[in-house]
Amino acid sequence: MPMRVEAYTATGIALGIVAPDGHLREHVDGLQELRIDESDWLPIDGSAGRRVGELQVPVDDLLVLVSDELGDVPGHAQWHAIDLDAGPFRIEGELSTMPGFDPGRALARPTGQFVLLRDVRITLLKDPEAGEATSAHALVNRYTVDRIAADIMLGFFFPGAAMSMTLGGATTSGAAIPTTAPAGAAGGQATSVAAGSSGTSASPATSASPATPAEPGSPTEPARS
C-alpha cells in the first residue's frame, strides 16, 4: 500500500510516496535504492525546495526514514530513551528491547540496516533552534550514527558510534564501538546546514555553502526525455 515518507540524507530531505512490498523496514533492507514518487526535494542548506517527481535514493545514504504507517511496532517491549547524532541531525526518541534484556549477556544481535524508534524528534546539530520535525515512528540507519546516548548499553545496535550512558540524568562519555559496518553501508556525513520539512514543524534556514547536484548523499533524478 502506498505511504508517505520523509527521507533524510546528508544534503537534503525527500518527501513523497513509496509503495513497499510488506513492512517498510523489510522493504528498504532489501534494496540498494529507494524509489520515491511524487516527491519534493528540500536542500538542507536553506535554498529553495523543488518538485522533482520520481527520485532514486541510495539506501546507504538514508540517515532517517520517517513514516506514520510503520506496521511492525513491537507490542510487548521495554522502551529506552535514546538520542543519536547522524550526519547533520540530532535524533531523539525511544528504542525497544525485549523485557528483561541484559546487554551484557545477550547473544542475539540486531539484524538489518535500520532500527525502529518511536516518539521521534529531529533537529539540526549546528542550529537546533531552526526548527524540528516530529513523528510517531522512524527508521534510523544504524550504520550512519556517529554518537549515541542511552540508559543501557546499546552500542552494538550502532557499529562505530561513540557510546554515552545516561545515569539518573547525568551522561558519561565512552569510546566508539569498534565494530566494522558491512560492505556497502555508508557512515554518517557531517554537514553544517539547516533543514525544513513540509508537514512538520521544522523551518529552513540559510547556510554559506550551497548544495550542488553532484554532492555525496543527494538522490539522483531519472533521465528526462
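Provided above is the structure to which this section pertains.
Residues numbered from 1 in each chain as written. Predicted model: local features only at pLDDT ≥ 70, side-chain atom pairs only at ≥ 80, totals over all residues. Heavy atoms only, no water.

### Description of the side chain of histidine 27
For the record, the criterion: Each helix is a run of DSSP H or I of at least 4 residues and each strand a run of E of at least 2, with the numbering of both proceeding from the N terminus. Contacts were defined at the residue level, with two residues in contact if any of their heavy atoms lie within 4.5 Å.
By the secondary structure assignment, histidine 27 is in helix α1 (residues 24-29). In this structure, histidine 27 is in contact with Ala19, Pro20, Asp21 and Leu34, ignoring residues within four places of it in sequence.

### Some words on the pattern of salt bridges
Oppositely charged side chains are able to pair whenever their charged atoms sit close together. Heads up, the condition is: The rule for a salt bridge is simple: a side-chain nitrogen of Lys or Arg has to be within 4 Å of a carboxyl oxygen of Asp or Glu. For every residue, the accessible area obtained with a 1.4 Å probe (protein chains only) is divided by the maximum for its type, and the residue is called buried under 20%, exposed over 50%, and partly exposed between those limits.
Scanning the entire structure with this criterion turns up ten salt bridges. Two residues, arginine 147 and aspartate 85, come together in a salt bridge whose shortest N-O distance is 2.7 Å. Of this pair, arginine 147 sits in strand β10 (residues 145-150) while aspartate 85 sits in strand β6 (residues 78-86), placing them 62 residues apart in sequence. Both residues of the pair, arginine 147 and aspartate 85, count as buried. Of the charged contacts, one joins arginine 121 and glutamate 92 as a salt bridge, the two residues approaching to 2.5 Å between their closest N and O atoms. Placement of arginine 121 in strand β8 (residues 114-124) and of glutamate 92 in strand β7 (residues 89-97) is noted, with a sequence separation of 29 residues between them. One salt-bridge network, in which partners are shared between bridges, spans Asp83, Asp85, Arg90 and Arg147.

### Some words on the environment of isoleucine 82
Tracing the chain through its elements places isoleucine 82 in strand β6. Since its relative accessible area comes to 4%, isoleucine 82 is described here as buried. A sequence separation of 66 residues divides isoleucine 82 from isoleucine 148, and the C-alpha atoms of the two residues are 7.1 Å apart. Excluding its chain neighbours within four sequence positions, the residues that come into contact with isoleucine 82 are Ile91, Glu92, Gly93, Glu94, Leu95, Leu117, Ile148, Ala149, Ala150, Leu154 and Phe158.

### Remarks on the pairing of β10
How we decide: One requirement defines pairing of two strands: DSSP has to find at least two bridges between them.
The buried count for β10 comes to five of six residues, which makes it a mostly enclosed element. Across five bridges, β6 lies against β10 in antiparallel orientation. Within the sheet, the bridge partner assigned to isoleucine 82 lies in β10 and is alanine 150.

### Observations regarding the pairing of strand β3 (residues 33-43)
If a strand is regular, its side chains alternate between the two faces of the sheet. In this sheet, β3 lies alongside strand β2 (residues 12-18) in antiparallel orientation, the contact comprising five bridges. Across the sheet, isoleucine 13 pairs through a bridge with leucine 42, a residue of β3. Looking at chain direction, β3 and strand β4 (residues 50-58) are connected through seven bridges and run antiparallel. Bridging from a neighbouring strand, leucine 34 pairs with valine 57 of β4. The antiparallel hairpin formed by β3 and β4 contains six residues in its connecting segment, where glycine 46 sits at a positive phi of about 90 degrees.

### Quick look at the nonpolar core
Operational definition: In plain words, nonpolar cores are sets of buried Ala, Val, Leu, Ile, Met, Phe, Trp, Tyr and Cys residues tied together by side-chain atoms within 4.5 Å.
Ranked by internal contacts, the top residues of the largest apolar core, which has 33 residues, are Ile82, Leu84, Ile91, Ile122 and Phe158. Of the residues forming this core, the biggest block, five residues, is contributed by β8. For isoleucine 91, the contacting residues outside a window of four places in its chain are Val64, Ile82, Asp83, Leu84, Ala86, Leu117, Val120, Arg121, Ile122 and Val140. If you look at the next biggest cluster of nonpolar residues, it comprises 19 residues, including Ala14, Trp41, Phe114 and Leu139.

### A closer look at unusual backbone geometry
For glutamate 38, which is not glycine, the phi torsion reads 50 degrees and is therefore positive. Along the polypeptide, glutamate 38 turns up in strand β3. The backbone of aspartate 119 shows a phi angle near 50 degrees, a positive value even though the residue is not glycine. With respect to the element layout, aspartate 119 can be found in strand β8.

### Side note on the packing of aromatic side chains
Applied cut-off: In this analysis, rings of Phe, Tyr and Trp, with Trp reduced to its six-membered ring, are considered paired at centre separations within 6.5 Å, and the interplanar angle assigns stacked below 30 degrees, edge-to-face beyond 60, and tilted for intermediate values.
One pass over the full model with this rule turns up one aromatic pair. Here the aromatic rings of tyrosine 8 and phenylalanine 89 are separated by 5.3 Å at their centres, their planes lie at 90 degrees, and the arrangement is edge-to-face. You can see tyrosine 8 sitting in strand β1 (residues 3-8) and its partner phenylalanine 89 sitting in strand β7, a full 81 residues away along the chain. Classification of tyrosine 8 as buried rests on a relative accessible area of 2%.

### Some details on the environment of glycine 112
With respect to the secondary-structure elements, glycine 112 resides in the loop between β7 and β8. Taking the C-alpha atoms as reference points, glycine 112 and glutamate 26, separated by 86 residues in sequence, lie 8.2 Å from one another. Once residues lying within four places of it in the same chain are set aside, the contact partners of glycine 112 are Asp29, Arg142 and Tyr143.

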